[in-house]
Amino acid sequence: MSVIVLFMVMMATLAGWWLSHQRLTAKPWLEVGVIDQAGDTGTRSPRIAKLGLGAFLAVAGSLFALLISAYSMRMSMADWRSLPMPTVLWFNTGLLMLASVALHSAVIAARCDEPASIRSGLLAAGVCSLAFLAGQVLAWRELAAAGYFSAANPASAFFYLVTAIHGLHMLGGLVALGRTTARSFAPTGDTPQASGTLRLSVELCAIYWHFLLLVWLILFSLLMRWTDDLIEICRGLLS
Amino acid sequence: MVDVPSDATVPLSTAEVEDVELYHPRSWVTKYVFSQDAKIIAIQYSLTALAIGLVALVLSWLMRLQLGFPGLVSFIDPERYYQLITMHGMIMVIYLLTALFLGGFGNYLIPLMLGARDMVFPYVNMLSYWIYLLAVLVLVAGFFVPGGTTGAGWTLYPPQAILANTPGQPWGIIVMLVSLILFIIGFTMGGLNYVVTVLQGRTRGMTLMRMPLTIWGIFTATVMALLAFPALFVAAVMMLLDRLIGTSFFMPSIVALGEQLPYRGGSPILFQHLFWFFGHPEVYIVALPAFGIVSDLISTHARKNIFGYRMMVWALVAIGALSFVVWAHHMYVSGMHPSFGFFFATTTLIIAIPTAIKVYNWVLTLWRGDIHFTLPMLFALGFIVTFVNGGLTGLFLGNVVVDVPLSDTMFVVAHFHMVMGVAPILVIFGAIYHWYPKVTGRMLDTTLGKLHFWITFLGAYLIFFPMHYIGLMGVPRRYHEIGDMAFVPASTATLNGFITVVALIVGAAQLIFVFNLAWSLRRGQPAGGNPWRATTLEWQTPETPPAHGNWGKTLPVVYRWAYDYSVPGAAEDFLPQNQPPDPATA
């Protein structure tokens, strides 16, 4: 459970940092009149959307941290036998990085208002992500063909579980990405308001993809057993 | 006057508050059924939660009948008894308390108390309710599938939950896990709404430190729930896989009914960690909204500002943070390392500090207040007493050496029913008596309400005080029938009978409340806009019940905190939050 505790400490630090900027030491009973809080200026809807996504990422982050906790706890038991990791995973990692880079370039294009580059960035990201998912399925099949698709093997059960949950998150993201791409091709995309909405959608997609990449890199290093020493150190600290 | 600009006394326009595009219902169905208005969703959430809560109440009756008069009802065999326990616990904790506090009160009060027109993502909010309803229906479906509901206990510990000889096989556990997964998805949708609305939907002048404590409680609890429910989600998904496709996440090698099962190498302790990583914060997810609501009820009905507002806020946040590092105190008997036990006992006892701060502040708010013994006040007082009682036995159980012998006795049952059963339920009743006039425009009947309060309050004590004693005498929990045991005195059987009789009466008395809700809807005294003469924004709406969009043409502007009661020199004994300062006295 050390991973989830670490995650919660990070969340608490974030919350504490945020709270420390919220005048929690104010004496509201002495203050009469209008007080405008810092950050109350500007349009609300982009901030609301980004905050909503941020809150969702916190929930998803907690979900993955718990999965990793469970995984590392099970891994430390004596009967753990690791799986040979299919090489296609390396390829997949590269694809996911490309998708992230493509979305980031789309964000830059959206800020500079270059519709053609937005479209190509979104499309490239979509293609890379689909290829990533296909690659994950390949990895599943490769392991199954090697006889590891067995419910009795905890390593393979965990492998299928974490990759499936990560893949489901990506599928959900692809729905949003598809809608954003459709919007970027819409003929009415030239008005300032429409381009503002598009930019926001592109930014949200990019944030989500960076998050999925980060989660995948952590999962990947765990699956490749690079983090074993780290986990040992954490366990040593706790026991 | 601190930190306030010099022109603060001039009433300000709301032009600087950006208005939101509201959703407009076009037909009866989109207005009252598939509504995106947070108020309608709140009522839907509350009614669903109360309905399923009544089911769980009937289940508890059946359990009590068996415990008080073993064998009286032949229908309750050991299998059914386990099913009753499981469903009673699960429904009460998750489908009633969590849903009612966050989905019900959260939806109704957050936009109104913060001066918003609606939640920030109304469509997602509507989905949240319908997925919750689906979760409830799936749960209820458990009663009708072959084998009935699962009898694994509300904690669903493996390996028992999955084994074939647990009551409710083959379908019960699957239905239960699916329902939980749905509930969590639905709750997450609602929870994101509550958090973002509190952060971004506040009206002009509503700083965080001017929010009523109700909102602070609901907000903190929602943040906790968003971070804690994934643990239950992960546990439920993994257990579902264990059950359905035979993985061994939680299932060790095991021989059941004389047969070696194909599972090997799973860790049941892992499930306990995941479950309680959710399960302990869950206690405070239910308690923090109750803390917040009670603070507002006490302040309003004692006509006095809340004592130590800042401390109250800090304590809420501190309790929320601490509650994530105490989960293993539910697992002292799982064979953990003694230093782990020491660590978790320490954190558990530390939580008593912010909690005690809150209790002191409630009492100090009452001190020399102008206490009106209205129904909400009665229930709030009942809550304080009950919470202190339940909290004190929590200090007993938080210590490893005391917990080990008391674990799995009726003492634990009495403890958690006091602290997270009776106490939050009293707040829910108080809150309904308090806000019903705003929701419907009519008061609930006072005589019926007092009858309801006294039967419930005294009855709860008559039920649960003897239960502590029974537990201390060594009567174990979860037993269908203990029969003759040398170490249990015969008097406990008599007490058990007594408890059952009281429980039947208290349960039946809830019908008074249900009747009152229905009767007052048409026949209740008209309430007017602000019957309690309260300061918070929800009582200042132009219409009662508040219309769609809540605030008419312009949003309110907030000039003061939520607790300006009995301000010296003021004409009235309360100053609404949106009342501009008087230039003459400012």
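Residues numbered from 1 in each chain as written. Chains lettered and ligands numbered in written order. Predicted model: local features only at pLDDT ≥ 70, side-chain atom pairs only at ≥ 80, totals over all residues.

**A short note on the overall build of chain B**
- Helix and strand counts for chain B stand at 14 helices and two strands.
- Taken over C-alpha atoms, the radius of gyration comes to 24 Å for chain B, in line with the 25 Å a tight globule of 586 residues would show.
- Here the C-alpha coordinates of chain B stretch approximately 85 × 50 × 50 Å along the principal axes.
- Buried residues in chain B amount to 55% of all 586 residues. (Helix = DSSP H or I, 4+ residues; strand = E, 2+ residues; numbered from the N terminus. Rg over C-alpha atoms; globule rule 2.2 N^0.38 Å. Buried ≥ 20, exposed ≤ 12 C-beta atoms within 10 Å, placed from the backbone.)

**What about the overall build of chain A?**
- Assigned secondary structure in chain A consists of seven helices and zero strands.
- Going residue by residue from the N terminus, the α and β elements of chain A occur as α-α-α-α-α-α-α.
- Its C-alpha atoms put chain A at 65 × 55 × 25 Å along the principal axes.
- Looking at the 239 residues of chain A, the share that counts as buried comes to 33%.
- Excluding contacts between residues fewer than 6 apart, the proportion of contacts in chain A whose partners are at least 24 apart in sequence is 80%. (Contact = placed C-beta atoms within 7 Å.)

**Focus: the packing of helix 13 (residues 446-472) of chain B against helix 14 (residues 491-523) of chain B**
All names here are of chain B.
- At a minimum axis distance of 9 Å, the contact between helix 13 and helix 14 shows a crossing angle of 155°. Comparing the axis directions of helix 13 and helix 14 gives the class roughly antiparallel. Helix 14 is crossed by helix 13, and the crossing has left-handed handedness.
- Grouping the amino acids of the contact of helix 13 with helix 14 by side-chain chemistry returns 19 nonpolar, seven polar and no charged. (Axes fitted to C-alpha atoms, helices over the stretch in contact; angles between N-to-C directions. Parallel < 35°, antiparallel > 145°, perpendicular 65-115°, else oblique. Left-handed = near helix turned anticlockwise from the far one by under 90°. Nonpolar A, V, L, I, M, F, W, Y, C, P; charged D, E, K, R; others polar.)

**A closer look at unusual backbone geometry**
All names here are of chain B.
- Cis geometry is adopted by the peptide bond preceding Pro159, which originates at Pro158 and carries an omega value of 0°.
- Among the structural elements, Pro159 can be located in the loop between helix 4 (122-141) and helix 5 (172-200).
- Residue Pro545 follows Thr544 across a cis peptide bond; omega there is -5°.
- By the secondary structure assignment, Pro545 is in the segment after helix 14.
- Positive phi values are uncommon outside glycine, yet Leu156 reaches one of about 55°.
- Counting through the fold element by element, Leu156 comes out in the loop between helix 4 and helix 5.
- Accessibility expressed as a C-beta count within 10 Å gives 25 for Leu156, which makes it buried.
- In this structure, Arg303 is a non-glycine residue whose phi angle is positive, near 50°.
- Looking at Arg303, the number of C-beta atoms within 10 Å reads 16, which means it is partly exposed.

**Describing the interface of chain B and chain A**
- At the junction of the two partners, chain B supplies 55 residues and chain A supplies 44 residues.
- Of all elements in the fold, only helix 5, helix 6 (213-245), helix 7 (268-301) and helix 8 (309-322) of chain B reach the threshold of two or more residues within the side of chain B that touches chain A.
- Here the side of chain B that touches chain A takes seven residues from helix 6 of chain B, the largest share from any one element.
- Looking at the side of chain B that touches chain A residue by residue, the classes come out as 36 nonpolar, 13 polar and six charged.

**Comments concerning the confidence of the model for chain B**
- Confidence in the prediction for chain B averages 91 pLDDT; 96% of positions are at 70 or higher.
- The complex prediction reports pTM at 0.94, with the ipTM value standing at 0.93. (pLDDT = per-residue confidence, 0-100.)

**What about the environment of Leu62(B)?**
Residue and element names in this part refer to chain B.
- On the secondary structure map, Leu62 appears in helix 2 (residues 38-68).
- Placed 18 residues apart in sequence, Leu62 and Arg80 show a C-alpha to C-alpha distance of 9.7 Å.
- What Leu62 contacts, discounting residues up to four positions off in sequence, is Ile76 and Leu84.

**Looking at helix 6 (residues 192-223) of chain A**
- Taking 1.5 Å as the rise per residue, helix 6 of chain A with 32 residues should run 46 Å; its terminal C-alpha atoms sit 46 Å apart, in good agreement.
- In the stretch just after helix 6 of chain A, Arg225(A) is the one whose phi turns positive, near 65°. (Expected span 1.5 Å × (residues − 1).)

**Quick look at the packing of helix 3 (residues 78-114) of chain B against helix 4 of chain B**
All names here are of chain B.
- At their nearest, the axes of helix 3 and helix 4 sit 13 Å apart, and the two run at 170° to each other. By the angle between their axes, helix 3 is roughly antiparallel relative to helix 4. Along its contact with helix 3, which presents Tyr95, Ala99 and Gly103, the element helix 4 presents Tyr129, Tyr132, Val136 and Leu139.
- A class-by-class count of the residues in the contact of helix 3 with helix 4 yields six nonpolar, one polar and no charged.

**Considerations on the environment of Ile505(B)**
Residue and element names in this part refer to chain B.
- Locating Ile505 in the fold gives a position in helix 14.
- Spatially, the C-alpha atoms of Ile505 and Arg368 are 36 Å apart, while their sequence positions differ by 137 residues.
- Ignoring anything within four residues of it in the chain, the contact list for Ile505 reads Ile455 and Gly459.

**Some details on the environment of Trp532(B)**
All names here are of chain B.
- When you line up the elements, Trp532 lands in the segment after helix 14.
- Under the C-beta neighbour-count criterion, Trp532 is labelled buried, with 21 such atoms within 10 Å.
- For the pair Trp532 and His434, spaced 98 residues apart in sequence, the C-alpha separation works out to 8.1 Å.
- If we ignore the near neighbours within four places in the chain, the residues touching Trp532 are Thr300 and His434.

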